[in-house]
Amino acid sequence: QVQLVESGGGLVQAGGSLRLSCGLSGSIFRINVMGWYRQAPGKQRELVGIITSGGSTNYADSVKGRFTISRDNAKNTMYLQMNSLKPEDTAVYYCNLRVGPYDYWGQGTQVTVSS
């Protein structure tokens, strides 16, 4: 019933920028938290940042000052603006939605940062 679709990944040079999008569809009556996660090869999936229903955001220390999460309610879309990208940001990025006890995930989009 709930679908999340990420887009915007690609290959960028270190120091460059990229914006990811997460389109949300389905019947949802209450949203507590949405967020972005990432998973690099050989590593566990980690939290990048979250945005609450009220628009407040929190970020992992590794991306603070470089990444920004935002939301466009009219388009039902969440964004991840990534600036000053580093090779260690290379990962598959996933959109997440928490509804009550359930987590919904998109398929992920690959971000590769070259030096």
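So, how was this worked out
Residues numbered from 1 in each chain as written. Predicted model: local features only at pLDDT ≥ 70, side-chain atom pairs only at ≥ 80, totals over all residues. Heavy atoms only, no water. Helix = DSSP H or I, 4+ residues; strand = E, 2+ residues; numbered from the N terminus. Rg over C-alpha atoms; globule rule 2.2 N^0.38 Å. Buried < 20%, exposed > 50% of the residue type's maximum accessible area, 1.4 Å probe, protein only. Contact = heavy atoms within 4.5 Å. Areas by Shrake-Rupley, 256 points an atom, 1.4 Å probe, with all protein chains shown as cover. Pairing = 2+ DSSP bridges. Axes fitted to C-alpha atoms, helices over the stretch in contact; angles between N-to-C directions. Disulfide = S-S within 2.5 Å.

Draft legend 1. View of the overall build of the chain. In terms of regular secondary structure, the chain is built from zero helices and 11 strands. For the chain, the succession of helices and strands along the chain, N to C, is β-β-β-β-β-β-β-β-β-β-β. For the chain, the C-alpha radius of gyration of 14 Å lies close to 13 Å, the compact-globule estimate for 115 residues. The C-alpha extent of the chain, read off along each of the three principal axes, is 45 × 25 × 25 Å. Expressed as a percentage of its 115 residues, the buried residues of the chain come to 33%. Residue pairs at least 24 apart in sequence account for 51% of intrachain contacts in the chain once pairs closer than 6 positions are excluded. With the model as given, the accessible surface of the chain reaches about 6,400 Å², and the carbon-plus-sulfur share is 46%.

Draft legend 2. Quick peek at the sheet that holds strand β3 (residues 18–25). Taking strand neighbours across the sheet as the criterion, the four strands line up as β1-β3-β8-β7 in an open arrangement whose pairing is antiparallel. Looking along the sheet, the strands with just one partner apiece sit at the ends: β1 (3–7) and β7 (67–72). On average, each strand axis in the sheet is inclined to that of its neighbour by 15 degrees, with strand direction left out of account. Relative to β3, β1 runs antiparallel, the two sharing five bridges.

Draft legend 3. Main features of the state of the cysteines. What the rule picks out here adds up to one disulfide. Across the disulfide, Cys22 is cross-linked to Cys95 (sulfur-sulfur distance 1.9 Å). Because the sign of the S-S torsion sets the handedness, a value of about -75 degrees for the bond joining Cys22 and Cys95 places this disulfide among the left-handed ones. Of this pair, Cys22 sits in strand β3 while Cys95 is found in strand β9 (residues 91–99), placing the two residues 73 residues apart along the sequence.

Geometric values such as these leave the question of function open.
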